[in-house]
Each structure stands twice: as C-alpha cells, then as structure tokens.
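Below, each chain spelled out in residue letters.
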Amino acid sequence: MTDHDPRLTTDDVPDEIERSIHIDATAETVFAIVCEPGWYINDGEYREHEVTTDGAVSTVVDPVHGTFSIVTEALEPPHRAVFRWLSGASAGAADDADASSTVVEFTIRPDGPTAADGVQLTVREHGFSTISADAAVRRTTFEENSRGWIEELEVARTVAEAAR
C-alpha cells in the first residue's frame with residue numbers, strides 16, 4: 001500500500017505503518033540510537049533531547065516540538081526496542097486505559113551473512129485506529145507519520161554510519 005491511496009476515505013485509516021532501511025553499521029551501533037525514548041522527535045536532523053525517566057515513563061522535551069510522554073515497553077539489545085507514545089490529556093499516565101497512544105517498535109536484523117554487511121532497521125507503528133474518534137484526525141496522523149518515518153529512518157542511518 002502506498003502512503004496515500006485515493007480510494008480510501010478517512011474512515012479507512014490503516015492501523016499500522018511499517019518502514020525499513022539498510023544501515024552500514026553494527027546492530028549495537030543502531031540499537032544505541034533507537035533505544036533512546038523519543039530519538040525520532042526531530043525534523044530530519046538528530047538533536048539532543050532533555051529526557052527524564054520515572055519507571056517505564058520518560059518525559060522527552062524537544063526544543064522545537066515540545067514535551068512528550070513515552071513508555072518503554074521493551075528493550076532487547078541489540079535487536080528490539082518498543083515504546084508506547086502517549087498523547088492527549090492522559091499523557092504521562094502509563095496505566096491509564098483511556099490514554100490515546102500508538103506503539104512504536106524498532107527491530108534490527110542482519111542484512112547479509114556477515115556483520116560487515118550491515119543491518120536492516122525496521123520501524124512498525126500501530127494503534128492508529130484508536131487514537132481519535134475523529135476519522136480525519138486519524139487519517140492526518142497516519143499520513144504525517146507515514147512520511148515522517150521515512151525521514152526518521154534516514155536520520156538513524158546518518159547518525160549510525162557516522163559513528164562507524
């Protein structure tokens with residue numbers, strides 16, 4: 001499916017985005033990037049964030065986009081990192097069943113028979129069907145994130161390959 005299928009209405013918003021990119025770096029190098037809550041909050045260029053953590057909940061302050069609450073669901077070095085991005089009035093309440101959220105999962109796997117072949121970084125974000133009762137809001141968020149993940153994966157590649 002393409003980022004935008006004109007046959008779809010706002011009621012037909014897919015629940016999941018999946019994107020992948022090849023990176024000429026080790027799994028450990030890439031994991032060091034993707035294990036940071038909110039590393040992907042930027043505008044196509046990696047920047048430092050103020051991150052404070054209380055248990056599984058991290059508060060990420062981006063100088064441009066503001067403050068976000070992100071729950072770390074799983075860290076399995078060097079192959080997998082999973083976060084739940086909280087939003088709305090319930091942000092910060094990791095155990096709040098009413099909290100609007102999507103889950104962002106990064107997986108890193110070898111992209112050839114040897115470590116020198118690099119890795120494939122895949123991001124999978126799901127939960128768009130529940131982020132809002134308003135189908136137009138779901139559609140807009142899905143389309144913005146679909147484009148955004150292409151940009152953010154390029155950021156991960158640039159940072160990881162520069163660290164080699």
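Before reading further, recall that the structure is shown in the block above.
Residues numbered from 1 in each chain as written. Predicted model: local features only at pLDDT ≥ 70, side-chain atom pairs only at ≥ 80, totals over all residues. Heavy atoms only, no water.

Peer 1: Talk me through the nonpolar core; I want residue IDs and the actual numbers.
Peer 2: Counting 32 residues, the largest nonpolar core has Ile23, Val30, Val34, Tyr40, Phe106 and Leu121 as the members making the most contacts within it. Put simply, the parts of the chain that give this core at least two residues each are strand E1 (16–23), helix H1 (27–34), strand E4 (66–76), strand E5 (80–87), strand E6 (100–110), strand E7 (119–126) and helix H2 (135–162). Considering each element in turn, this core owes the most residues, 6 residues, to H2. Residues in contact with Ile23, not counting those within four places in the same chain, are Val30, Gly118, Val119, Leu121, Ala156, Arg157, Ala160 and Glu161. (Core = buried A, V, L, I, M, F, W, Y, C linked by side-chain atoms within 4.5 Å. Buried < 20%, exposed > 50% of the residue type's maximum accessible area, 1.4 Å probe, protein only. Helix = DSSP H or I, 4+ residues; strand = E, 2+ residues; numbered from the N terminus. Contact = heavy atoms within 4.5 Å.)

Peer 1: Requested: an account of H2, with residues and values cited.
Peer 2: In this model H2 runs 40 Å from its N-terminal to its C-terminal C-alpha over 28 residues, within 8% of the 40 Å that 1.5 Å per residue would give. All of the buried residues in H2 are Ala135, Arg138, Arg139, Phe142, Glu143, Ser146, Trp149, Glu152, Leu153, Val155, Ala156 and Ala160. If you follow the buried residues of H2, they end up packed against E1, H1, E6 and E7. (Expected span 1.5 Å × (residues − 1).)

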